[in-house]
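If you want the building blocks of each chain, they are given just below.
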Amino acid sequence: MSEQEKRVVGDNDVVSLEYTLTVDGEVVDSSEGHGPIEFIQGRGNIIPGLEKEVYGMSVGESKAVSVAPAEGYGEEDPNAFVEIPKSEFPPEIPVEVGTPLQLRDHQGQVFDAVIAEVRDDTALLNFNHPLAGKTLNFQIKVVGIREATPEELDHGHVHH
Ligand code: ZN
């Protein structure tokens, strides 16, 4: 081996990362099924708590990273719960805890929610990100590092 310095992740590198995300002891997401994620380091393409841990890693290196809610998907917002009369639900939607919903506002913007609670005549919808308020436990492994192309840097995302 030469004295060549080991390539480590820095700003504007395209990083390929294998990961497993465990929340409350359950695996909620993993690159196993769909391959590693690719992102431009330093551009906020991934959550801040994970991005800062990837700096300085080399290909083949792995580690465990624990990300607090504030550096992940944020704290749960108590104002993001909305109570809706059961009569307003379309008949094909089961009014049960855990049912995911998509709601459209007057401007046509779509919001994701989940039924958090079912009461006598109403249901409580939770508009928070499903991982808000959660500590995210990642197992990560860097499987590739390359320089981003000028076009990728211009766009702020990876091209394939
Ligand atoms: Zn592009």
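Every chain is numbered on its own, with residues counted from 1 as its sequence reads. Local features in this predicted model are restricted to residues whose pLDDT is 70 or higher, and side-chain atom pairs enter the listing and the counts only when it is 80 or higher, whereas totals over whole chains, interfaces and linings include all residues. As a rule here, side-chain values cover all heavy atoms of the structure and leave hydrogens and water aside.

1. Observations regarding the overall build of the protein
For clarity, the cut-off: Runs of E in the DSSP output that reach at least two residues are strands. Runs of H or I that reach at least four are helices, and both are numbered from the N terminus. Here the radius of gyration uses the C-alpha set of atoms, whereas the globule reference equals 2.2 Å times the residue count to the power 0.38. Exposed residues in this analysis have more than 50% of their type's maximum accessible area, buried residues have under 20%, and partly exposed residues fall in between, with area computed by a 1.4 Å probe over protein chains only.
A count of helical and extended segments in the protein gives two helices and nine strands. Shown N-terminal to C-terminal, the secondary structure of the protein runs as helices and strands in the order β-β-β-α-β-β-β-β-β-β-α. For the protein, the C-alpha radius of gyration of 20 Å lies well beyond 15 Å, the compact-globule estimate for 160 residues. Dimensions of the protein, computed from C-alpha atoms along their principal axes, come out at roughly 70 × 35 × 25 Å. The buried share of the protein, reckoned over its 160 residues, is 34%.

2. Quick word on the sheet that holds strand β6 (residues 100–104)
Put simply, the test is: Two strands are said to pair when DSSP picks up at least two bridges between them. Axis lines are fitted to C-alpha atoms, over the contacting stretch for helices. Their N-to-C directions set the angle, which ranges from 0 to 180 degrees.
Pairing within the open sheet is antiparallel, and its four strands lie in the order β5-β8-β7-β6. For this open sheet the edge positions go to β5 (81–85) and β6, each flanked by a neighbour on one side alone. Taking the axes of each pair of neighbouring strands and ignoring which way they run, one obtains an average angle of 40° across the sheet. With five bridges joining them, β5 and strand β8 (residues 122–126) adopt antiparallel strand pairing. Residue Phe 81 lies in a different strand from β8, and its bridge partner there is Asn 126.

3. Digging into the coordination of the zinc ion
Operational definition: Coordinating N, O and S atoms are those within 2.8 Å of the metal (3.2 Å for Na, K and Ca), and as water is not part of the atoms, a site may appear to have fewer donors than expected.
Those donors, His 155 (ND1), His 157 (NE2) and His 159 (NE2), are the protein atoms that reach the zinc ion, and they lie 2.0 to 2.1 Å from it. Here the donor residues of the zinc ion share one chain and are spaced in sequence as H-x1-H-x1-H. For His 155, a relative accessible area of 42% translates into the label partly exposed.

4. Here we look at the domain arrangement of the protein
This is how it is decided: For every domain, the bounds stem from an assignment made automatically or drawn from a database.
On domain assignment, one finds that the protein holds domain 1 (3–73 + 132–155) and domain 2 (78–126). Placing a centre on the C-alpha atoms of domain 1 and another on those of domain 2 gives a separation of 33 Å.

5. Some points on the pattern of salt bridges
Which entries qualify depends on this criterion: For salt bridges, the criterion is a side-chain nitrogen of Lys or Arg within 4 Å of an Asp or Glu carboxyl oxygen.
Counted according to the given criterion, the structure contains seven salt bridges. Between Glu 53 and Lys 63 there is a salt bridge, and its shortest N-O distance comes to 3.0 Å. Of the two residues, Glu 53 is situated in helix α1 (residues 48–54) and Lys 63 in strand β4 (residues 62–67); the sequence distance between them amounts to ten residues. Among the salt bridges present, the one from Glu 152 reaches Arg 146, with a minimum N-O distance of 3.0 Å.

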